[in-house]
Amino acid sequence: MTAVAARPPLRRSPDVVLSGVAAALARHLDRPIGVVRLILAALALLGGAGILLYAWLWALVPRERPDAPVSRRVPVAALLLGAAALAALLLLGRELRYGLPFGGVESALLASAAIAWTLGVDARDPRHAGRAPLVRLLASGFLVVLGGALAALGFLTTLPGAAVLGLVDVLVGLAGFVVPVILDRAARRAEERAAAARREQRSEIAAHLHDSVLQTLAIIQNRAGAGSEVARIARAQERELRDWLFAGTDPFAGDLATELRTIARELELEHAVRIEVVAVGDVDEVESHAVAAAVREALVNAARHAGGEVTVYAEATPAAIEVFVRDRGPGFDPGAVPDGRLGIRESIVGRMARAGGTATVTSGEDGTEVHVRLPRRADGGAA
Amino acid sequence: MTRVLLVDDHSIFRSGLRADLREAVEVVGEAADVDAAVRAIAELRPEVVLLDVHLPGGAGGGGAEVVRRSADLLGEVRFLALSVSDSAEDVVGVIRAGARGYITKASSGQQVADAIRTVAAGDAVFSPRLAGFVLDAFGAAGGGAVAAADDELDRLSAREQEVMRLIARGYAYKEVATRLYISIKTVETRVSSVLRKLQLSSRHELTAWALERRLL
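Residues numbered from 1 in each chain as written. Chains lettered and ligands numbered in written order. Predicted model: local features only at pLDDT ≥ 70, side-chain atom pairs only at ≥ 80, totals over all residues. Heavy atoms only, no water.

Engineer: Where do I start with the interface of chain B and chain A in this structure?
Structural biologist: Where interface size is given, it is often the accessible area lost as the parts come together that is meant. Contact with chain B, which involves 41 residues of that partner, is made by 36 residues of chain A. In this assembly, chain B packs against chain A so that about 3000 Å² is buried in total across both faces, 49% of it on carbon and sulfur atoms. In this structure, the salt-bridge partner of glutamate 175 of chain B is arginine 328 of chain A, at a minimum N-O distance of 2.8 Å. For the interface between chain B and chain A, the tally reads 6 residue pairs in polar contact (both at pLDDT 80 or more). (Contact = heavy atoms within 4.5 Å. Buried area = accessible area lost by both parts, 1.4 Å probe. Salt bridge = Lys/Arg side-chain N within 4 Å of Asp/Glu carboxyl O. Polar contact = N/O pair within 3.5 Å; in protein donor to acceptor, adjacent residues only side chain to side chain.)

Structural data, given as structure tokens:
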């Protein structure tokens, strides 16, 4: 007894020729797709049974990935438009059927179908979405011309059916021009309204948090004193909240400034220190790296040995990037460097020297100031 | 003692501040919104109004609206802006309206008392952040733009830039004076003249910036 391999489920793939029905059947039944198509075509000749079966399968066979857009290899709308043009040629035969010129109804229906297809199907098809508006405009234009011709014919030859059909065609054609524009505009307006509502909601939340939580955090810091543990936590929370509230609205935010603020926030979490960062001018990300690393060392130094309030001032001029880190600690003599400071001082001064800049440390009774300077090249980049 | 009016919509903050300042100044009253503040200023005529930048009431203009509506008293009443956020747009509006300085709410009681005394004496109070903004707004980092004369409104003189830089670096007025070998009075004069430029300048960047944020 041989094991029967499980059949793949009957599913239509998102990348199809027309509908994916034949391909799905072929895969499910494990037969060549040509055979399946041949059988469907043969059935179609039996009073249209194949067409019915095809339409039924198209409607009921589920798609493999319902959320993926279907991409069709056949340009359906263009083919419909071509067929409409061919049908219109029959008008030249001047034959009548039910009081209408032969081919007029078919041509109008095919062109209308082309318009509907571009709007309903092709707009979501990545392969045809780009060309869909052009096809739609052509089909609409075709309908208007066809309708005009039919109406003229109807009035001239007193065929009321032709006149009515012609007028309807003109209307449908004009709708093909106008309706998508209206729909598009309405969709865009709805989107704008939604975006405005989101912005307003966000700014309302921001205003509320600003008036309540930020105030409270400020009061906590104020009550607890700059160097205390509670103030440190409140300060860190305040920065985090403020960054979220005012993301992107800070007029000073250059890359170096952002980097320095991040460093400051990290250190505030680890040490009992309050770091204020003031930045002037704009700095590119690349050139700020060595400076940011040196400033970080200076800040770690200040946070460990001084604590309390520390000010960072960064200024970018065309000539140089300069950063000053100032603390209010007891200070030390940079000439007689204690052991603990040796590595830190080396990592600041040495690092800046390697990057082509300078660093100086001045210390006195009322605090220590580290001055980091990196000259910029004439083209604006770092030296 | 300096007569001070506290204007802030948070009663906890007001009472905390009142307790902090008890030794240093005389708190003559409190107000919690724009209209109450304008009334209290007209009635009590305090020397200094400690003014929250974000205030409810009135036409929604916050602290700046209080200053504008009390404009005819600006000679006698001085405003010191208090803000919870040290973002420039919060502060510059109220400074441009006529306030003499700005400090953050995280400042200690001692710092607030010092700032009140400075403002009461007719001088200006700049935080490092505000000094940084001034340097940016007047294009100090751009290099060339230095005022030849001190009374030029749209640019800072070299001395003013020097003072602003040191304040931005966290120096107190006294330290700035020591560092530059000038008197504290000179430092205060320069800061006041920068404040005047900040209030009166029609410098393009500053105005455009303020307009964009609807501060003018």
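More follows now that the structure is in view.
Engineer: Is there a simple way to explain helix α9 (residues 184–200) of chain B in this structure?
Structural biologist: What sets the pattern is the α-helix's 3.6 residues per turn: residues three or four places apart point alike. Taking 1.5 Å per residue, 17 residues should reach 24 Å; α9 of chain B reaches 24 Å between its end C-alpha atoms and fits that length. All of the buried residues along α9 of chain B are Val187, Glu188, Arg190, Val191, Ser192, Val194, Leu195, Lys197 and Leu198 of chain B. (Helix = DSSP H or I, 4+ residues; strand = E, 2+ residues; numbered from the N terminus. Expected span 1.5 Å × (residues − 1). Buried < 20%, exposed > 50% of the residue type's maximum accessible area, 1.4 Å probe, protein only.)

Engineer: Explain the packing of aromatic side chains to me, please; I cannot follow it from the model alone.
Structural biologist: Enumeration according to the criterion identifies 2 aromatic pairs over all chains in this entry. Both rings, one in tyrosine 54 of chain A and one in tryptophan 58 of chain A, keep their centres 5.9 Å apart while their planes meet at 80°; by these two values the pair is edge-to-face. With tyrosine 54 of chain A and tryptophan 58 of chain A both in helix α3 (residues 49–60) and 4 residues apart, this pair spans about one turn of that helix. According to the relative accessible area criterion, tryptophan 58 of chain A is partly exposed, its value standing at 26%. A centroid spacing of 6.3 Å and a plane angle of 25° characterise the contact between tyrosine 313 of chain A and phenylalanine 324 of chain A, whose relative ring orientation is stacked. Highlighted residues: tyrosine 313 of chain A in strand β6 (residues 308–316) and phenylalanine 324 of chain A in strand β7 (residues 320–327), separated in sequence by 11 residues. Like phenylalanine 324 of chain A, tyrosine 313 of chain A is buried. The residue whose ring lies beneath arginine 326 of chain A is tyrosine 171 of chain B, and the NZ or CZ to ring-centre distance is 4.0 Å. If you follow arginine 169 of chain B out to its NZ or CZ, it ends over the ring of phenylalanine 324 of chain A, 3.5 Å from the centre. (Phe/Tyr/Trp six-rings, centres within 6.5 Å; stacked < 30°, edge-to-face > 60°. Lys NZ or Arg CZ within 6 Å of the ring centre and 35° of its normal.)

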